[in-house]
Structure formats: structure tokens, C-alpha cells
Amino acid sequence: MTTTGTPLTVAPPRRSGASALHVVAPSAPSPAPAGTPASAGTPASAGTLASAGTRASAGTSVSAGTPAAVVPAATTTAEPVTAPPVRRTRPAAAPRARAARRATAVPAPLVEVAGPTVPGAGEILTPEALAFLAELHRRFAGRRADLLAERQERRRHLADGGTLGFLPETAHIRQDRDWRVAPPAPGLEDRRVEITGPTDRKMTINALNSGAKVWLADLEDANTPHLANVVGGQVNLRDAIRRTITFAAPEGKRYALHDGELATIVVRPRGWHLTEKHLRLGGEAMVGGLVDFGLYVVHNAHELVRRGVGPYFYLAKLESHREARLWNDVFTFAEQHLGLARGTIRATVLIETITAAFEMEEILYELREHAAGLNAGRWDYIFSVIKNFRTRPEFVLPDRADVTMTVPFMRAYTELLVRTCHRRGAHAIGGMSAFIPSKDPERDAMVDAKVREDKRREALAGFDGSWVAHPGMVAAVREVFDGVLGFMPHQIGRHREDVAVTAGELLDVAATPGAVTAAGLRTNVAVALRYLEAWLGGRGAVGIFGLMEDAATAEICRSQVWQWIHHATRLEDGRPVTRELARQVLDEETAILLGESDDDAARADRVAQAAALFAEVALGEDYPTFLTIPAYARRVD
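Below is a short write-up of the structure. (Residues numbered from 1 in each chain as written. Predicted model: local features only at pLDDT ≥ 70, side-chain atom pairs only at ≥ 80, totals over all residues. Heavy atoms only, no water.)

**Some points on the overall build of the chain**
Where we set the bar: Starting at the N terminus, helices and strands are each numbered in turn, a helix being any DSSP run of H or I of at least four residues and a strand any DSSP run of E of at least two. Any two residues whose heavy atoms approach within 4.5 Å are treated as being in contact. The Shrake-Rupley method, run with a 1.4 Å probe, gives the accessible areas here. Residue values count only the displayed protein chains as cover.
When helices and strands are counted, the chain shows 20 helices and 18 strands. If you take every contact in the chain between residues at least 6 apart in sequence, the share linking residues at least 24 apart comes to 80%. In the structure as shown, the chain presents an accessible area of about 24,100 Å², 55% of it carried by carbon and sulfur atoms.

**With respect to the environment of Ala 428**
Tracing the chain through its elements places Ala 428 in strand β15 (residues 427-433). In the structure, Ala 428 is positioned 53 residues away from Asn 375 in sequence and 5.9 Å away in space, judged by C-alpha atoms. Excluding anything up to four places from it in sequence, Ala 428 contacts Leu 374, Leu 417, Val 418, Cys 421, His 422, Phe 463, Asp 464 and Gly 465.

**Concerning the nonpolar core**
Going by this rule: Only buried residues count toward a nonpolar core. Its members are Ala, Val, Leu, Ile, Met, Phe, Trp, Tyr and Cys residues joined through side-chain atoms within 4.5 Å. Note on exposure labels: buried denotes an accessible area under 20% of the residue type's maximum, exposed denotes more than 50%, and partly exposed covers the range between, all computed with a 1.4 Å probe on protein chains only.
In this structure, Trp 215, Ile 265, Phe 293, Trp 327, Ile 351 and Leu 417 are the most contacted members of the largest nonpolar core, which totals 125 residues. When residues in this core are grouped by element, the largest group, 10 residues, is from helix α3 (residues 127-159). Leu 521, Ala 534, Ala 551 and Leu 613 belong to the second largest nonpolar core, which has 39 residues in total.

**Points about the environment of Val 480**
Among the structural elements, Val 480 can be located in helix α14 (residues 474-485). The sequence separation of Val 480 and Glu 458 amounts to 22 residues, and the corresponding C-alpha distance is 9.7 Å. The contacts of Val 480, once residues within four sequence positions are left out, are Arg 452, Lys 455 and Arg 456.

**What about helix α18 (residues 579-595)?**
In plain terms, the rule: How far a helix is expected to stretch is found by multiplying one less than its residue total by 1.5 Å.
The end-to-end C-alpha separation of α18 is 24 Å, in line with the 24 Å expected for 17 residues at 1.5 Å each. Looking only at α18, the buried set comprises Leu 581, Ala 582, Val 585, Leu 586, Glu 589, Thr 590 and Leu 593. Elements that come into contact with the buried residues of α18 comprise α16 (518-536), α17 (551-566) and α19 (601-618).

**Regarding the side chain of Thr 344**
Which entries qualify depends on this criterion: Definition of a polar contact: a pair of N or O atoms within 3.5 Å, with one able to donate and the other able to accept a hydrogen when the atoms are protein atoms, and with sequence-neighbouring residues admitted only if both atoms are side-chain atoms.
Position of Thr 344 among the secondary structure elements: in the loop between α8 (321-338) and β13 (346-351). Relative accessible area serves as the criterion here: at 17%, Thr 344 is assigned to the buried category. Here the side chain of Thr 344 touches Ala 341 through a polar contact of 2.6 Å, landing on its backbone oxygen. Not counting residues within four places of it along the chain, the set of residues in contact with Thr 344 comprises Val 305, Gly 310, Pro 311, Tyr 312 and Glu 335.

**Some details on the pairing of β13**
Definition in use: Two strands pair under a simple rule: DSSP has to find at least two bridges between them. Throughout, right-handed denotes a crossover for which the path from the first strand over the helix to the second runs clockwise when the strands point away from the viewer.
The element β13 is largely enclosed, with a buried count of 6 among its 6 residues. Residues Arg 346, Thr 348 and Leu 350 line one face of β13 and the alternating positions Ala 347, Val 349 and Ile 351 line the opposite face, and both faces are buried. Sheet topology note: the strand β12 (residues 312-315)/β13 ladder contains 4 bridges and is parallel. Looking across to β13, one finds that Tyr 312 is bridged to Arg 346. Regarding the hand of the β-α-β motif, the stretch spanning β12, α8 and β13 is right-handed. For β13 and strand β14 (residues 371-376), the ladder comprises 5 bridges, and the chain directions are parallel. Within the sheet, the bridge partner assigned to Leu 350 lies in β14 and is Asn 375.

**A closer look at the packing of aromatic side chains**
The condition that has to hold: Note on aromatic pairs: the rings of Phe, Tyr and Trp (six-membered ring only in Trp) are paired at centre separations within 6.5 Å, and the planes decide the class, stacked below 30 degrees, edge-to-face beyond 60, tilted for the rest. Charges are assigned to positions over rings by a cutoff of 6 Å between ring centre and Lys NZ or Arg CZ, combined with an angular limit of 35 degrees from the ring normal.
One pass over the structure, following the stated rule, counts 17 aromatic pairs. Ring geometry for Phe 247 versus Tyr 255: centroids 5.8 Å apart, planes at 45°, classification tilted. Here the aromatic residues Trp 272, Phe 293, Tyr 296, Phe 313, Trp 327 and Phe 331 are joined through ring pairs into a cluster of three or more. Across from the ring centre of Trp 379, 5.1 Å away, lies the NZ or CZ of Arg 400, which sits over that ring. The ring of Tyr 623 carries the charged tip of Arg 558 above its face, separated from the ring centre by 4.4 Å.

**Side note on the packing of helix α11 (residues 378-388) against helix α12 (residues 408-423)**
The criterion, for reference: To obtain an axis, a line is fitted to C-alpha atoms, over the contacting stretch when the element is a helix, and the angle between two such axes runs from 0 to 180 degrees between their N-to-C directions. With respect to orientation, any angle under 35 degrees is reported as roughly parallel, any angle over 145 as roughly antiparallel, any angle of 65 to 115 as roughly perpendicular, and every other angle as oblique. For any helix crossing, the convention is left-handed if the near helix is rotated counterclockwise from the far helix by under a right angle, and right-handed if that rotation is clockwise. Asp, Glu, Lys and Arg are counted as charged, while Ala, Val, Leu, Ile, Met, Phe, Trp, Tyr, Cys and Pro are counted as nonpolar; the rest, among them Gly, fall into the polar class.
One can describe the packing of α11 onto α12 by two numbers: an axis separation of 12 Å at closest approach and a directional angle of 120°. In terms of their interaxial angle, α11 and α12 are classed as oblique. Both α11 and α12 take part in a crossing whose hand is right-handed. Across the interface between the two elements, Arg 378, Tyr 381, Ile 382 and Val 385 of α11 pack against Phe 409, Met 410 and Tyr 413 of α12. Partitioned by chemical class, the residues of the contact of α11 with α12 number 6 nonpolar, no polar and 1 charged.

**Focus: the pairing of strand β9 (residues 264-268)**
Summarising burial for β9: 5 of the 5 residues are buried, a large majority. Neither face of β9 is exposed, since Thr 264, Val 266 and Arg 268 on one face and Ile 265 and Val 267 on the opposite face are all buried. Of the strand pairs in this sheet, strand β6 (residues 214-218) and β9 are connected by 5 bridges, and their pairing is parallel. Across the sheet, Ala 217 pairs through a bridge with Val 267, a residue of β9.

**Regarding the environment of Cys 421**
Mapped onto the elements of the fold, Cys 421 is located in helix α12. Under the relative-accessibility criterion, Cys 421 is labelled buried at 0%. Spatially, the C-alpha atoms of Cys 421 and His 495 are 8.3 Å apart, while their sequence positions differ by 74 residues. The contact partners of Cys 421, leaving out residues within four places of it in the chain, are Leu 364, Leu 374, Ala 426, His 427 and Ala 428.

Scope: geometric values only; no functional claims are made or implied.
Right, dumping it as C-alpha cells:
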């Protein structure tokens, strides 16, 4: 059943002085995060906040349910529900520091937990955790809102005929050859094969056991942000870190972690554009990325350090170095608050927007104490190109199958990424192989050959590792990188000084070969429709037509359809792509999917919702910047 829901209130932009560009001098220390008290040089204890009056005790919990549970942001006054105690090591705070915090405490706004009752809420949404989330929101939500407003201004500029270039005001950062990011953190030295996937319990175990060096635990594109998934993912990550996670499948098969080496966990929180509507502070929906980050570090940071690694993250959909600076300030505050050594938190940034491609060095510079590398995010990058230049005919792309990593504008982007990373001592991680094994030996042999060819190209270009989406692909990719790296953990020492990429080459979309075909139109509609149906049902990573797809796939599919309609692009057979033609294809693919639903009324309802959602984001006059925003606001409990 489709619901309209209640409009969400988000943090308003703080426009005063927000437009001034601030750049740290090269090789200088990072600035303190906004809002950090002058006394923040001494790390706060793990259970206290700078503005807290009384610390929320470990072992208390808050349940999500209806009506909403409410907890003060910095102190607990509600009657708690007792949960199993959580052991944490807390450095003792100095008595004077505690007294100073009590003296400066102000009445705290309330954290409201709204939504259905879900398993694990009492263990994850504890008063201590909610207090930490509230402090993150109070300090950083306004800056995040400013940056989102800047995104909109930039898109309007580009849609009106503007262009992109390397920033003149940060040229000194690019020209300074001396600065480097921090050396690789423990567990991130060798990243030759990384596996991605959602944080459901079975996937968590399979990914960690897969033989990959890194598991990207995805709380973003491969996850539908139902409250059960948001909380359940944190439960699974907590149990995995402590090696207590097990899973029993309905058919009786049991899953557990093996005793050998496991993949290093790197969590991908939601991008800056997404909110968490089930958690509100002062009536505002909290920032989704801060919720994901905050819950993970507050429950796991000390345990990770005890086990010899740290809290590591992938940062999604950044559009500028200013957005990277905000994350860096979040990391610095969290380290101070939790009593972690500076630089314990590390982050790899996905370069998956066309604007970020022009600011790779600046992004690494802003995060340099916390930087672990950059990644080439293929589908979101193409999606970003269309989104930013959607009204410009010279940026119309052919069928997405023709937009390979070897076409001119994609090759320029990946070559620049490798050169930038290695020049600054960071890992360069390649794109994802979305292929999944089948039971057809002939098809699997063809897939294996394609994957090996693609990954060998990346390894020879200088990438230090690459992604797969299925455990069955790990061995092939590892073998390819073994053949290039040998016993070396990476090839950061290969600086690729032969690469010189211009702004024109990054923007040379018009040189992309290929055609727009009726088959390409139908594939875009069919894949997006099937993905959206699964997403509405709570699955963010879905096998479709032999590929593991996530939200990035749906975005590129619907964006291409919108772009072709807007420009009346002609198919290879001469017909223009019109709204009526796309609607006809949508109706036909909807009927096919409904036919596969048999007598499952719930699935049939999701199919109808998915078709309506696709029509809204692909066939309408307006172009929503992200399809997940209206989908989450109106169709996710």
C-alpha cells in the first residue's frame, strides 16, 4: 500500500558566512572541527559529551516503537528499559573537566525514536548512543545543509551552460609536491580484492569468509533504510567484529566465521543527501550518514582498536573537498570524544561524481590524516554526469552497456585517479565487477574471461585493488592482481607521471561511441523496475539478469530514460524516445513482473509501487536529484 507519510523537517542551511571558501595551507595541521570547545585538546571520555549534564549509563536502552520513544540528547531522564550490559573501556575524565561540562550544560533537545518495533533496537539505540548522535547532529547538520544548498546552486549553473574546471583557488595544494596522506592503517595495507554487499547476517558471514582482503559493509546503495535494516546492520557488524556472529538459514544450513584471516571491515555510511527519518532531534530528521557513522563507532571503535585495526569507512557521493572537510571534522571530533588517537579513523572516498573528479587532490588533502585512498565508482559517476548536464545535448549518452571504462571520458577519470592517489601515497581502488556466478558452465566461462580482462586492465593501469559483488568472483580477481603485484601489497610507488589529464578530457562525453537502441531502453526500464520492487521490499542488493545491482544501477537507468526523453533522442531504428514510448515499455515490463508475482499480493503491490515510482523519477517533467529521497520519504516505514 502506498502511503504519503509526513513531510520531514531537515536542518536549515546556515547561510551566514557559508559561501566563503576556506583552504588550509598545504602541509599545515588540519583545523579543529567547528563547534569544538577550546579545551578539546584533552580527549573527552567515551561516555560523555561536551554539553552533557549526566552521562547515559551503559546497559540502558531505548526501544523503537509507536508511540515514539524520546531520550534527551545529552542526559537521560526517561525510565530506561534494561538491556544486556555492554562492556566498554572508558578513559577516566578529569574531575575538573566533568565539573566544567556540568557547569556549562544547557537544556538538551530530545531525541525522538519513531517507527516500528524492530529487533536489536534496545541494544543499538542506547541512551549513550543517542546522546552521541545528537551531539553529531548539533555540531554538523547545519554545515551539511549549507553544502547541500551549494550542490543545488552548482547544478543550476551547469544546467544553464556553465562548465567545470580545476579550482584556481586550490592550485597551491595541487602544486605542492611534498604533502602525503597518512601511511596505510593496519588491515588496509593490502587491498587487492574487496567485496561489497549489504550488512544482512548471511552476507556478513560470507563476505568476511570470502578470501577478499576488505569487505565494504554497505549501509548505503546496497541497503534499503528500513529501520529494521538500519538497526539490524549495526547488530550484525557488532557481532562480526567480536566473532560471535552465526546464522541459521530456513532450510537448516548454518553459517559461522572460520578461524582464519577475515576481510577487514570498511563501512559505507549513507551519503550527505540522505536523512534518517526514524530518529529526530528537535523535530528534525537526523542526518543518515551521521547516524550510520555514529552508531558504528560508539559501539565498536574501542573493540576494533583492541583487535589491532580501527573504524574504517567508505565515503559515498562526495561532490567537493568542502564535503570531505566536513567528514574530516566529524572524524576528529569522534576521536576526541571517544578517546582515540588522532588518525585512528580512516576513510576511502568514492570518486563517483563529476564534480569530485576535479577535486581529487583537494579531497585527499582535507582528509590526509584520515585518508586511505580513492575508489572509481563507475555507475554513480555516469549518473552524476547525466544529472549535472542533463539539459545539455552534447552530454547525451548511448546505451549504458556502451559506456565502458575504456571510453575517453571514463579513461581520463580513472587514469587521473591512479596518478592522484599514488602521488599522495594513497591506495587507488578500481570499480566493481557486478557479475555473479550461475549454473551455466558456458556462461560462467565467458563471465570469468570478461572479469579477468577488466581487472587486468585495472591492475596494469596502476590500481592497487578492485571490487567484486559475489564471493564466487574473489578468486579470479585475486589471481589477476597477484599476477601484477606479486608479493607487494600494493603499487603505490608507481606514480604514473606519464598521465596528464585536462578538464576537456574529463568532460569529453560526446566522444563516447555507441547508439541508443530499443533494447537499451527496455533494459533500463526492466532493470530499474525490478530493482525498485526489491528495494521497496527491503533488499538493496539484487541479482538481476546475471548482475548484482544496487541503487546506482537504478539511478543510471532512470536518468538515461529521462535524458533521452528530454532530448527526444532517436533510437537506432529512427524512432524518437518519447514519454509515450517509455510509458508503453514500462507498462509491458510491469505486466511481465506482475506475471512473475503469482498469487503474492504483497509483491504485486510492490510492483505497482515500483512502476509508479519509476514513472515519477524518469517520466516526469522534473528530475529528482536522487530517486531514493522520494522513495524513502513516502514508501519506507
